[in-house]
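# Observations on the model geometry
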Amino acid sequence: MPAVSKGDGMRGLAVFISDIRNCKSKEAEIKRINKELANIRSKFKGDKALDGYSKKKYVCKLLFIFLLGHDIDFGHMEAVNLLSSNKYTEKQIGYLFISVLVNSNSELIRLINNAIKNDLASRNPTFMCLALHCIANVGSREMGEAFAADIPRILVAGDSMDSVKQSAALCLLRLYKASPDLVPMGEWTARVVHLLNDQHMGVVTAAVSLITCLCKKNPDDFKTCISLAVSRLSRIVSSASTDLQDYTYYFVPAPWLSVKLLRLLQCYPPPEDAAVKGRLVECLETVLNKAQEPPKSKKVQHSNAKNAILFETISLIIHYDSEPNLLVRACNQLGQFLQHRETNLRYLALESMCTLASSEFSHEAVKTHIDTVINALKTERDVSVRQRAADLLYAMCDRSNAKQIVSEMLRYLETADYAIREEIVLKVAILAEKYAVDYSWYVDTILNLIRIAGDYVSEEVWYRVLQIVTNRDDVQGYAAKTVFEALQAPACHENMVKVGGYILGEFGNLIAGDPRSSPPVQFSLLHSKFHLCSVATRALLLSTYIKFINLFPETKATIQGVLRAGSQLRNADVELQQRAVEYLTLSSVASTDVLATVLEEMPPFPERESSILAKLKRKKGPGAGSALDDGRRDPSSNDINGGVEPTPSTVSTPSPSADLLGLRAAPPPAAPPATSGAGNLLVDVFSDGPAAQPSLGPTPEEAFLSELEPPAPESPMALLADPAPAADPGPEDIGPPIPEADELLNKFVCKNNGVLFENQLLQIGVKSEFRQNLGRMYLFYGNKTSVQFQNFSPTVVHPGDLQTQLAVQTKRVAAQVDGGAQVQQVLNIECLRDFLTPPLLSVRFRYGGAPQSLTLKLPVTINKFFQPTEMAAQDFFQRWKQLSLPQQEAQKIFKANHPMDAEVTKAKLLGFGSALLDNVDPNPENFVGAGIIQTKALQVGCLLRLEPNAQAQMYRLTLRTSKEPVSRHLCELLAQQF
Amino acid sequence: MIGGLFIYNHKGEVLISRVYRDDIGRRQAVDSAVFSSSGPLLEERSQANRRNAVDAFRVNVIHARQQVRSPVTNIARTSFFHVKRSNIWLAAVTKQNVNAAMVFEFLYKMCDVMAAYFGKISEENIKNNFVLIYELLDEILDFGYPQNSETGALKTFITQQGIKSQHQTKEEQSQITSQVTGQIGWRREGIKYRRNELFLDVLESVNLLMSPQGQVLSAHVSGRVVMKSYLSGMPECKFGMNDKIVIEKQGKGTADETSKSGKQSIAIDDCTFHQCVRLSKFDSERSISFIPPDGEFELMRYRTTKDIILPFRVIPLVREVGRTKLEVKVVIKSNFKPSLLAQKIEVRIPTPLNTSGVQVICMKGKAKYKASENAIVWKIKRMAGMKESQISAEIELLPTNDKKKWARPPISMNFEVPFAPSGLKVRYLKVFEPKLNYSDHDVIKWVRYIGRSGIYETRC
């Protein structure tokens, strides 16, 4: 590259810059710049041609002014002119200006692209490089579109210079990162891989960067790079520090290239070819060996470069996770770093060890460093390093050292930084649960946790304790005792009160035998905390009290007194007030038996992924998944802790974020019969009592209350309002119509013939005709299979009081339908009155021994009994006015579902049954129709008007009939057609 | 109240820093979390706080990317009130909700005091007098509350001649004390002049914004009456001017007299007085009576908006000839008595930002295109009343790819005329000194009117 010669330095520019630097104030600076701008403008005026030198100088000045933060709105043209200069310095300044100041001015972009194209096509490598740099620096989509095809060609061309190849690779990388879709993949990809063999190390480095990025998307295209990368790596690793001359950095040969190669290898699984693999392992071993050698230089750069390679090597070893020998060696190497002077090294060592700990080969090796890590947790000065130490402790924990680690973490918690306290709390909670040998230890640990860092114990943690205690009979008594003792402290955390309230409410009876913790004592202990607590906790305590009434009848009077107190019954908080009122009524109205059923001990919680684990994952973000994904390690712990251990399949499922206990995300547990009976009882009790509102529905802020109820999916409201349709099933026990029945019905509103239903077994065709109030319908049942249908019986059912509105006579059909055959059924229909719901058609048969049943809606709607009526405009309006009562009119404004076509609409309206009246509406776009619905009992006159609005793609439909339900029903039926 | 006062040079370096209250610059959140222990840290903390406030102003105002136009800046719940004198920034800092007008009045007063002591406020002068400035600050601001800032009074006990107290007699000291703490703190007793003389300057600045068609969009005059008195003893003065209210009140009794005199009266919108003026008397009788301080002081400040005599009329004519050329013609007309001469006339015609060349022809004075200010500056030394002058310019433009149209900033003007554009006239200034025997007639009085341009702009 030709250097800028001394004589080429721009004196004017230097003077200008020093003037600016010497300005005393901002105002002076602005004045100087204005002056200079005016000068440049007068020079660029175009009267006289400027020579390249002055053009370059002025463009430089403009660039400098722009970089000072002032707007530049001219000079672009001059800069573009510089691009076509043959002098390097002028071209360079031109490109510099373009890269910094390019805007989306289409005219200029075309000129710039043209200049770049010329330079790319030139044989001068420096010019090519300049052009490539400009493309990469701008990196816009337009640039990408213009040059994405050219650059790969330059990259793989045999005659390109090394420096050009290097620039082309990096430029392509930039374009690919900016807009991956623009870079075409083609045959050049194979040749790019071979750049790894290039003589020039710079080209190799650039190519590795490019390949690493490209292979993430299409790993198969670049698979061949593995062996090339390995051989390149082994050549570097085995070379002496003097071999690579320019690429030796403080006695380390090509450290950047090595690191990049190692990263590239991490994109792929271990090489399958044994020879390649052997060579790679040899390389990795060499790197590990080199780490043991004494440093060749005391300079920090030397050790930095060496360690960079080492850490990348260890990452690769961890990534492969298949060489026990290497893993252990890596672990030992990291162990040395754990006590290194450099904080950064300690941090990196802890971080890498975290991932090593999750590998089964090196887990034991990691464990040997436990003391060092604990020491780091305690004494490290940098909080981020302490955080890593905590992570590592969590990762290396298993049953053998759980007690030690948990106790160390608990001890550290007292002095831990606020930022990481919650995370440590979560970790302690998880470890304690996972590796609990006996549950008394678990309960102790968690209560300790709440005592030490109550504020940082999230909801999930204490919910989890309750779940575990509820699910384990053996620990309940101990938990009650411990909680009772913990509550005796004069000041205890609110979370402790919550846990205490719940556990005593459930299992307080287990310790009631001891006179020191007799029921009145338990109650007064809890109640002494009551007034200091938040609303949520108080609500929980109220539930505990009602449970106490059930557990200890002797406390009933006291508790009722508390509930009756004005501070509860008239509490400003709705939740508290409601609970007080309801519990008071419940306790006084219900008999002991009822109480015992309603307030029964909680059923065990369904086992699933610990919600704490989910929370921890959420906190750490997706990146930390591998460190925490310990489901695959130590499967033996499953049998101890039962189902609470997350199974590998559930570990990766997204955490239920919205609910509290993680209960609602899962399907609701099947209610045991006993509790569902209790549910009805509960409802009965409430419907008699004064506070009859079904108010025990689950409230979002307090899951506990909803848990008090039987875990049935319905709320009491649903139980109270017994669904009416189910109460009155038809004469034959038929299933509900298939979900798509309504849709199928809609198809037949405006037509009489067609295929009603079809699946892989059966096809039902319909042909029908209607005259006045009578109709005849032919149903064709086609067997699509080759097997005979047996017990084939289609029946028509009249739901509700349709029987009185519509008479349908059916003829029986043969009970067997042969494969491929079709049977016909004739239905005679008589409309007695206006009706709203169509009759149901139930088809039952046996296919290959399996009973099949199918319920459809018969395509009989009230509009089938329409008689079109022709009338003049005058008559129409007269009748329209007669039907002017508001209940006679039904109107609907709706969006068009189908394209708005006048002919189609006309056909539909005719199919609907009404006569279409022309020249009635003043607006020719609108449709007006009239007809009479014929039933046996009465005739219903019907007028309709449809106003399409093409701009808004909306319709307005107005119907007027003499009967209100008919208007509405017809309106709805017709509205669905458009 | 003012929590602290800093003086910066143009680079943002602090020249003077005086903190009156340690609440400024405290960051509450950091406070509780980082400085949990007390004791030796406290000293360090208050230092750090001061640094914070100092730095905050420098970063956010002096070195701000955009020019900060508001004189009050609120940074992190701390208010910074600043004034700028040439390259020097004075900033008063407070955490409290203070009366901003009071703070600025104090800052202006402080500038006056400093100017009275060492002349121009410049970096060098401040560096040379920093002991004096601290001494002054001690005196004029107590715990953030402004105190007596009267230059005359201050000069009796704060001097630039080093310590004089050994030579000062006890009597002198007690005299100073009684004066500074007494009822008339601004004037000491026993002043004697051989020639009793007083100078009265009416200084006005006239502001105007006019539409291209010559319609007045807004105009007002802000004026000051500055008095320089060299009078013996404790003279009682009475100042009279053609205030509309006063004239009308008098006019009630002798209507003929006012019509005979034919004097125009002016409506004063609002006015403020020097502390020596007896406000009670002004409120009841609208008469301005006072015992003046010795030397120069500003007797009153006022503002009028009605019946303003506009000394100049600017008639612009701008024509765009194609994309690359602009023709500008500006005519100015002087609109006052032909016997009077306006001075230092300067017309500033802004040019577009893409100007590449300018040719100017003017009948009178000198005109030049100043690229550094993006304007044509036309200067005329003198111009009599009822005259007219013209300039025409051709501006060449460079085509740009910016589609923005030129905003056409207004043409502004500077001048000085020897009359008061508001129409204010001094009717009398009477001096009574009951103890010493000199009468009103013995006092030599000088009255001078100067009208200057404030922001005097015409849109084009």
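Analysis parameters
- Residues numbered from 1 in each chain as written.
- Chains lettered and ligands numbered in written order.
- Predicted model: local features only at pLDDT ≥ 70, side-chain atom pairs only at ≥ 80, totals over all residues.
- Heavy atoms only, no water.
- UniProt positions renumbered as here; feature names shortened; annotations may be inferred.
- Disulfide = S-S within 2.5 Å.
- Buried < 20%, exposed > 50% of the residue type's maximum accessible area, 1.4 Å probe, protein only.
- Helix = DSSP H or I, 4+ residues; strand = E, 2+ residues; numbered from the N terminus.
- Contact = heavy atoms within 4.5 Å.
- Patch = residues over 30% accessible without salt bridge, like charges linked within 9 Å, V, L, I, M, F, W, Y side chains within 5 Å.
- Areas by Shrake-Rupley, 256 points an atom, 1.4 Å probe, with all protein chains shown as cover.
- Salt bridge = Lys/Arg side-chain N within 4 Å of Asp/Glu carboxyl O.
- Lys, Arg positive; Asp, Glu negative; His and termini not counted.
- Charge placed at Lys NZ, Arg CZ, Asp CG, Glu CD.
- Pairing = 2+ DSSP bridges.
- Axes fitted to C-alpha atoms, helices over the stretch in contact; angles between N-to-C directions.
- Buried area = accessible area lost by both parts, 1.4 Å probe.
- Polar contact = N/O pair within 3.5 Å; in protein donor to acceptor, adjacent residues only side chain to side chain.

As named in an unreviewed UniProt entry, chain B is AP-2 complex subunit mu, taken from Ailuropoda melanoleuca. Under Sequence similarities (unreviewed entry), UniProt gives the following word-for-word description of chain B: "Belongs to the adaptor complexes medium subunit family."

Per an unreviewed UniProt entry, chain A goes by AP-2 complex subunit alpha and derives from Ailuropoda melanoleuca. Its UniProt record, at the heading Subunit (unreviewed entry), says of chain A: "Adaptor protein complex 2 (AP-2) is a heterotetramer composed of two large adaptins (alpha-type subunit AP2A1 or AP2A2 and beta-type subunit AP2B1), a medium adaptin (mu-type subunit AP2M1) and a small adaptin (sigma-type subunit AP2S1)." Word for word, the UniProt comment on chain A under Sequence similarities (unreviewed entry) is "Belongs to the adaptor complexes large subunit family."

Time to look at the state of the cysteines. Among covalent bonds in proteins, the disulfide is the one between the sulfur atoms of two cysteines. Residues and elements named next belong to chain A. By the definition in use, this model includes zero disulfides over all chains. With no disulfide of its own, Cys971 has Cys942 as its nearest cysteine by sulfur position, at a separation of 10.0 Å. Classification of Cys971 by relative accessible area gives buried; the value is 3%.

This part takes up the side chain of Ser289 of chain B. For Ser289 of chain B, the location among the structural elements is in strand E12 (residues 288–290). Not counting the four nearest positions on each side in its chain, Ser289 of chain B is found in contact with Glu236, Cys237, Lys238, Cys276, Val277, Arg278 and Lys281 of chain B.

Take a negative patch on the surface next. Residue and element names in this part refer to chain A. Taken together, the side chains of Asp473, Asp474, Glu600 and Glu601 make up a negatively charged region of the molecular surface. With respect to the element layout, Glu600 can be found in the loop between helix H33 (592–598) and helix H34 (611–620). Given the relative accessible area of 41%, Glu600 is considered partly exposed.

Residue and element names in this part refer to chain B. Strand order in this open sheet of three strands is E12-E10-E22, and the pairing throughout is antiparallel. Looking along the sheet, the strands with just one partner apiece sit at the ends: E12 and strand E22 (426–432). Looking at each pair of strands side by side, their axes are set apart by 15 degrees on average, direction ignored. Looking at chain direction, strand E10 (residues 236–241) and E22 are connected through six bridges and run antiparallel. By the bridge assignment, Lys238 is partnered in E22 with Lys430.

Let's shift gears to the interface of chain A and chain B. Taken together, the contact between chain A and chain B spans 18 residues of the former and 21 residues of the latter. At the boundary of chain A with chain B, total buried surface from both sides reaches about 1,600 Å², with 46% on carbon and sulfur atoms. Connecting chain A to chain B are two salt bridges. Where Lys84 of chain B meets Glu27 of chain A, a salt bridge forms, and the shortest distance between an N and an O atom there is 3.9 Å. Inspection of the chain A/chain B interface yields five residue pairs in polar contact (both at pLDDT 80 or more).

For side chains bearing opposite charge, pairing can occur when the charged atoms are close. All names here are of chain A. Scanning the model with the defined rule gives 44 salt bridges over all chains in all. Ionic pairing is found between Glu485 and Lys481, a salt bridge with its closest N-O pair at 4.0 Å. With a gap of four residues between them, Glu485 and Lys481 both fall in helix H26 (residues 473–487), about one helical turn apart. Overlapping salt bridges, with partners in common, bring together Asp19, Arg32, Glu36 and Lys61 in one network.

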